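# Close look at the chain arrangement
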Amino acid sequence: AVITYSLTNSCATATTTTTVTVHPFPKAIMGLGVLCQANTVFLTDSVSGGAWSSSNVTIATVVPVAGVFATGAVSGVTVGTVNISYVVAPGCLVTKTMTVTPLGAISAGSQLCTGATETATDLPGGGTWISSTPSVATINSVGMITAIASGAAVISYELSPGCIVTTPVTVNGLPADFYMTGGGSYCFGSAGVHIGLDGADTGVIYQLFLGASVVATDTGNGLPIDFGVYSVTGVYNVLATSATSGCTNAMSGSATVTVTFPVPPTVSINTAPSTIVCVGSPATFTAIPTDGGPSPLYNWYVNGVSVGTGDTYTYTPNNGDAVVVKLTSDAACVFPDTAVALQIMTTTTGLTPSVSLSVSPGDSVCPGVPVTITPSPINGGTSPVYSWIKNGVFEGGGATYTFLPVGGDNVICWMQSNLSCSLLDSVHSDNNISMNVPAITVPLLSITATPGNRVVAGETVTLVTAATFSGLNLTYQWELNGNPITGATTNTYTSSSFVNLDSVTCLVTGYSVCGSATREVSITIYDTLALGISIMQSGADLRLTPNPNTGSFTIKGSLGSAQDQEVTLEVTDMLGQVVYKNKVIAREGRINESIQTGSTLANGMYMLNLRSGHDNIVFHFVIEQ
């Protein structure tokens, strides 16, 4: 721009000018603020035409880059901090502080085991971590190396282009996995049990641990390992360590050692048909072992003479013969390993059979519960035959008898013995089974009202339910018009709030040994001032409301009997013509029926006849349309 100054006075006018150049102010310098010694980085500015300078050329120098728009090449000389300036004109400059740092070295181990992690570091921050072979080892943005698989990788740290430091990393594989063998339970007093591995690699050290303590060490040679015999109880594990890389791997499985204490075996003899046999009849003896092991040995002796082996022995005994079996156990932990049992035989020329009965679950059950009667024979032979008699009637045969009892059922059994020397061919049971089947008792009820069930509105009425019951206990619940009354749970209920035709019911539940049963008794409260007709005759207590009516009315109340009964309802005019007829069932003697004769009947007097059995009750009422 040209700046002009003019001065005018009485003499003349004078003018002077000068040229002013305005340069753009440079923008902030762009580029890295850190560089390594002997490394060069490039800085730029968006305004051209300026000059680059360094505040200390012994730390870093800067020179313009020919042909490149406002670019300066900064080279690190020594470690330190320096200001790099870009000047467009005097006083028209920007500055960037640069730090020159040494490259340093990556601190990381050169040997890693598969699956291991390690964090590498370098002196300056802000750089980028790189792995040359991520399939061998990876590294994240904070320098954590993860060993992936066996092999070699180079880990690099790049602070700026060309400013890179590296370190080699070797990933070593873990020792191969093998399974532990042995362990188990051993008998107290013996050496213990073996513990080992099903395989081992050469050059790998295998340590056997009991908890945190090393109890054995072995170097693999390619064959399975036997660490020896161990008796200390607990859980054993093996850790494998490579002798070259130091990498470790826990072997699969574990071996648990437990101890058991020896028990003496026992043996008993089961004699069939029994220890008392007929003269000349054979008997079979069966050894019944406890802790005999998988393959026990048996030796049989009669009167001290060896007669046989095996778990059974059959012969014809003489009276007083002493039969002995000796068991030799091969169980894992027994002491001593032998046991004996003795049976003294009795022979006879005549035996009396007998049979006794037992019943399950018992001789007293609830209705619907089946019972099974089982015979216990004596001298019944090898195949006794049973006949079952219930209440004097033959019910069939069989080894047991199962049936659904009723109270008073009586069962006996006849047994036919096939024992050759039996004195009787058949005998009846020593005892009989008499069944007790207690019924579910139902309470018998009646209800009374004091002063009565015909009252004036607001009058206090006390209702009392009387129950006849032979069970365990009773509970009560009163209802008003079908709805339970809260707190009304005794046999007495008092209220002064009854209204006309209120139906009050008492539900009584009786509890007995085999369950419960509920019965209800009801009473209707009548307001004597309410419009309607009441009739009480032959025990019946009925009310017709309203009266007069338009041909629509209700008949409600009790017929005087607690039985269900059919009731014929018939409406006639005064000439005896039937204008309405219907049949209903009065449940437990109670009726609550709405009658609709229609709106076509003439006004006047009509009769309602209720017929039930031999009873006939007649109401006279008026229809006013």
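Structure: see above.
Structural notes, computed from the coordinates.

Scoring rules and cut-offs
- Residues numbered from 1 in each chain as written.
- Predicted model: local features only at pLDDT ≥ 70, side-chain atom pairs only at ≥ 80, totals over all residues.
- Heavy atoms only, no water.
- Helix = DSSP H or I, 4+ residues; strand = E, 2+ residues; numbered from the N terminus.
- Buried < 20%, exposed > 50% of the residue type's maximum accessible area, 1.4 Å probe, protein only.
- Contact = heavy atoms within 4.5 Å.
- Polar contact = N/O pair within 3.5 Å; in protein donor to acceptor, adjacent residues only side chain to side chain.
- Pairing = 2+ DSSP bridges.
- Disulfide = S-S within 2.5 Å.
- Axes fitted to C-alpha atoms, helices over the stretch in contact; angles between N-to-C directions.

When you line up the elements, threonine 58 lands in the loop between β5 (51-54) and β6 (60-64). Given a relative accessible area of 49%, threonine 58 falls into the partly exposed group. Counting along the chain gives 173 residues from threonine 58 to serine 231, while the straight-line C-alpha distance between them is 77 Å. Ignoring any residue separated from it by four or fewer positions in sequence, one finds threonine 58 in contact with Val77 and Thr78. A polar side-chain atom of threonine 58 sits 2.4 Å from a polar atom in the side chain of asparagine 56.

Of note, the bond from threonine 450 into proline 451 is cis; its omega dihedral lies within 30 degrees of zero at 10°. Its location among the elements puts proline 451 in the loop between β43 (444-450) and β44 (454-455). Cis geometry is adopted by the peptide bond preceding proline 546, which originates at threonine 545 and carries an omega value of -10°. Not every positive phi belongs to a glycine, and aspartate 291 is a case in point at roughly 60°. Note on placement: aspartate 291 falls in the loop between β28 (283-290) and β29 (297-302). Phi at asparagine 379 takes a positive value of approximately 60°, unusual for a residue other than glycine. Note on asparagine 379: relative accessible area 18%, which makes it buried.

With that settled, the discussion passes to the pairing of strand β2 (residues 13-19). The buried fraction of β2 amounts to 0 of the 7 residues, a small share that puts the element mostly on the outside. Bridge count between strand β1 (residues 2-8) and β2: 7 bridges; the pairing is antiparallel. In the strand pairing of β2, isoleucine 3 is matched with threonine 18. Taking the residues that link successive antiparallel strands as the turn, the β1-β2 hairpin has 4 residues.

On to the state of the cysteines, then. By the definition in use, this model includes 3 disulfides. Here cysteine 187 engages in a disulfide with cysteine 333; their sulfurs sit 2.0 Å apart. Residues cysteine 187 and cysteine 333 are joined by a disulfide whose S-S torsion is about 65°; by sign, that bridge is right-handed. Residue cysteine 187 is located in strand β18 (residues 184-187), and its partner cysteine 333 is located in the loop between β32 (322-328) and β33 (338-344); the two are separated by 146 residues in the primary sequence. Cysteine 187 sits in the buried class, given a relative accessible area of 16%.

As for its position among the elements, methionine 574 is in the loop between β54 (565-573) and β55 (578-586). In this structure the C-alpha to C-alpha distance between methionine 574 and methionine 605, which are 31 residues apart in sequence, comes to 6.6 Å.

The strands that make up a sheet pair up through hydrogen bonds in the backbone, lying either parallel or antiparallel. The strand order across the open sheet formed by 4 strands is β3-β9-β8-β5, and the pairing between neighbours is mixed. Looking at the sheet topology across the chains shown, the edges are occupied by β3 (34-36) and β5. Taking each pair of neighbouring strands and ignoring which way they run, the sheet shows an average axis angle of 30°. Pairing of strand β8 (residues 80-89) with strand β9 (residues 92-101) involves 9 bridges; the strand directions are antiparallel. In the sheet register, asparagine 83 faces β9, and the bridge partner there is threonine 97.

Treat this as a map of the structure, not an account of what it does.
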